[in-house]
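# Summary of structural features
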Amino acid sequence: MALADAKAGIRNEAGIAAVLGILKQAFGERFQTGESFRAQHAHTTTYIPAQLPDAVVFAETSEDVQAVVKACAAHKVPVIAFGTGSSLEGQVNAPQGGISIDFSRMNRVLEVNAEDLDCTVEPGVTREQLNNYLRDTGLFFPIDPGANASIGGMASTRASGTNAVRYGTMKDNVLAVTAVTANGEEIRTARRARKSSAGYDLTRLFVGAEGTLGVLTSVTLRLQGIPQKIAGGACAFPSVKAACDAVIMTIQMGVPVARIELLDAVQMRACNRYSGLTYDEQPTLFLEFHGTDETVALQSAQFAEIAAECGGGEFAWTSNLEERNKLWKARHDAYWASRALAPELAALSTDVCVPISKLAECVAATQADIEEHGLLAPIVGHAGDGNFHVLVLFDDKTPEGIAVVEAFVARLNARALAMEGTCTGEHGVGQGKMSFLEQELGGAVDLMRQVKQALDPDAIFNPGKIFHVH
């Protein structure tokens, strides 16, 4: 399970020592080996133990990245790209030691082509920073994973989030990347054209590779026009099945919902307490519609009719910015709200994704599993995509506590796979999902290994992630 796959690898002590000397001379104060710096660049978001790099380099240019990669490649030392550290499956851990490249200083918006609805940014730009920059252009970048993640990290983990039901995921919104490969050279995977039949789709190869094939140095993104009107609200349902039925009917009827999020009763209790809300503690859908005054009113009315038909309560929608912000702030704070239910316990955040026709069945079976094993585990999901998250609160100080939660995660993934789903809708594989990827894709993982071997023959890029290199 996750802890077994997060084991430490074999360290190249001589190579690491040589690279530390080279990079110290090259980068001066932008090269740090202090334990506090290294600890900040290892995994701490969920229960997978932190595995610290040997040093951190604060890159400022593509040339800096090339210099680090060339030194590490020459001495066969691991390179781990670091954006904001918000990934959830151990992606930024350094199980074999090595060098963490911090991209927080590569945070420039390089180009905005408003007429073409695209932009190019450095990987350290965060989604909030980008949207603040774009505001005066009338454009925005819609992918919203909740955390203020970096664009490079979002591309590397193929992130999505609350807006994916309307705007797609990172794979749909990245037009091109530049990346430093194992020989230390920078390549560009595509141009800005909206379509191309020119060779292999290298862009999508790097998007979702979790830094295992190269290090991204820029990302070219699709943009959207800021909607004239945004409206949203919440609607409670008597059961998860009723809420999911409303989701399915909304999608099948072609109602262009921008966000449709499912929170179970336990999650609603947590959000009420943490965010000062007063909603009924029942399975609830949070929704948002984008368009004009007329279209958002029509879409809201259409959903209200669907909700009533599925046994839901009143759908009170609003276009008031303050009220909408409070609603979505509560949704984005769901992780911390859940942690606050039992702050003395550790937390494991995991996700699966199934066809939306199977969502109600999968969530209900998961809730029954939680109850049967006496777990405290709120559920929240991007219902329009069939993707849901479970945050299991548990005692990580005992082997028994860890064994119980890892067995639960194994059953959850087996359940999703049995329903033609996937072991991860948006968290990525990292260290935590490695064994489930093998179960999901079988021999296709061997093909991934061949791609890895071809592009990274010495396995220096983020080793110990996605799959083991045999």
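Residues numbered from 1 in each chain as written. Predicted model: local features only at pLDDT ≥ 70, side-chain atom pairs only at ≥ 80, totals over all residues. Heavy atoms only, no water.

### Notes on the overall build of the chain
Secondary structure summary: the chain contains 18 helices and 18 strands in total. Taking 470 residues into account, the globule formula puts the C-alpha radius of gyration at 23 Å, and the chain, at 22 Å, falls close to it. Projected onto its principal axes, the C-alpha positions of the chain cover 65 × 60 × 40 Å. Counting all 470 residues of the chain, 56% fall into the buried class. Residue pairs at least 24 apart in sequence account for 72% of intrachain contacts in the chain once pairs closer than 6 positions are excluded. Carbon and sulfur atoms make up 52% of the accessible area of the chain, which amounts to about 19,200 Å² in all. (Helix = DSSP H or I, 4+ residues; strand = E, 2+ residues; numbered from the N terminus. Rg over C-alpha atoms; globule rule 2.2 N^0.38 Å. Buried < 20%, exposed > 50% of the residue type's maximum accessible area, 1.4 Å probe, protein only. Contact = heavy atoms within 4.5 Å. Areas by Shrake-Rupley, 256 points an atom, 1.4 Å probe, with all protein chains shown as cover.)

### What to know about a nonpolar patch on the surface
Among the surface-exposed residues, Tyr 200, Leu 202, Leu 205 and Leu 455 lie close enough to one another that they form a single nonpolar patch of about 390 Å² accessible area. Among the structural elements, Tyr 200 can be located in the loop between β9 (186-188) and α9 (202-206). For Tyr 200, a relative accessible area of 75% gives the class exposed. (Patch = residues over 30% accessible without salt bridge, like charges linked within 9 Å, V, L, I, M, F, W, Y side chains within 5 Å. Salt bridge = Lys/Arg side-chain N within 4 Å of Asp/Glu carboxyl O.)

### Quick look at unusual backbone geometry
In this structure, Arg 158 is a non-glycine residue whose phi angle is positive, near 55°. Take Arg 158: it is sitting in the loop between α6 (151-156) and α7 (164-167). Despite not being glycine, Glu 210 has its phi angle at roughly 55°, a positive value. Under the relative-accessibility criterion, Glu 210 is labelled buried at 7%.

### Observations concerning the pairing of strand β8 (residues 174-180)
For β8, the buried fraction is high: seven of the seven residues fall into the buried class. Note that β8 and β9 share three bridges and pair antiparallel. Directly across from Thr 178, in β9, lies its bridge partner Arg 188. Linkage of β8 to β9, two consecutive antiparallel strands, is achieved through a turn of five residues, within which Gly 184 is found at a positive phi near 85°. (Pairing = 2+ DSSP bridges.)

### So, the pairing of strand β6 (residues 118-121)
The alternating pattern of β6 places Asp 118 and Thr 120 and Cys 119 and Val 121 on opposite faces, both of which are buried. One ladder, built from four bridges, connects strand β5 (residues 109-113) with β6; its direction is antiparallel. Bridge assignment links Val 112 to a residue of β6, and that residue is Cys 119. Remark: four residues form the turn of the hairpin made by β5 and β6, two consecutive strands paired antiparallel; Leu 117 in that turn has positive phi of roughly 55°. Taken together, the four bridges between β6 and strand β10 (residues 215-222) define a ladder with antiparallel strand orientation.

### Quick look at helix α14 (residues 334-341)
Counting along an α-helix, one turn takes 3.6 residues, and residues three or four places apart therefore face a common direction. Turning to α14, its buried residues number three or more, namely Ala 334, Tyr 335, Ala 337, Ser 338 and Leu 341. Buried positions in α14, seen along its axis, are confined to an arc of 165° and lie on one side of it. Packed against the buried residues of α14 are α11 (265-275), α13 (321-332), β16 (346-353) and β18 (387-394). (Arc of directions from axis to C-beta.)

### So, the domain arrangement of the chain
Each assigned domain of the chain is listed here: domain 1 (2-104), domain 2 (109-225) and domain 3 (229-419). For domain 2 and domain 3, the distance between their C-alpha centres works out to 27 Å. Each partner contributes residues to the interface: domain 2 has nine residues there, and domain 3 has 13 residues. Both sides together, the interface formed by domain 2 and domain 3 hides about 950 Å², and carbon and sulfur atoms give 51% of it. At the boundary of domain 2 and domain 3, one finds one salt bridge. The residue Arg 259 makes a salt bridge to Asp 144 at a minimum N-O spacing of 2.8 Å. At the surface where domain 2 touches domain 3, the tally comes to seven residue pairs in polar contact (both at pLDDT 80 or more). Taken together, the residues of the side of domain 2 that touches domain 3 break down into three nonpolar, four polar and two charged. (Domains from an automatic or database assignment. Buried area = accessible area lost by both parts, 1.4 Å probe. Polar contact = N/O pair within 3.5 Å; in protein donor to acceptor, adjacent residues only side chain to side chain. Nonpolar A, V, L, I, M, F, W, Y, C, P; charged D, E, K, R; others polar.)

### Quick word on the packing of α11 against α14
One can describe the packing of α11 onto α14 by two numbers: an axis separation of 8 Å at closest approach and a directional angle of 95°. The orientation of α11 with respect to α14, classified from their angle, is roughly perpendicular. Residue-level inspection shows Val 266, Gln 267, Arg 269, Ala 270, Cys 271, Arg 273 and Tyr 274 of α11 in contact with α14, the latter providing Ala 334, Trp 336, Ala 337, Ser 338, Ala 340 and Leu 341. Here the contact of α11 with α14 is composed, by residue class, of nine nonpolar, two polar and two charged. (Axes fitted to C-alpha atoms, helices over the stretch in contact; angles between N-to-C directions. Parallel < 35°, antiparallel > 145°, perpendicular 65-115°, else oblique.)

### Points about the sheet that holds strand β13 (residues 257-263)
An order of β15-β12-β14-β13-β17-β18-β16 is seen for the seven strands of this open sheet, with the pairing classed as antiparallel. This sheet does not close on itself; its edge strands, each paired only once, are β15 (316-318) and β16. Here the average twist between neighbouring strands, direction ignored, is 15°. One ladder, built from three bridges, connects strand β12 (residues 229-236) with β15; its direction is antiparallel. Among the inter-strand pairings, Gly 232 is bridged to a residue of β15, identified as Thr 318. Across the sheet, helix α16 (residues 399-418) touches β16 and β18, and the angle it forms with β18 is around 165°.

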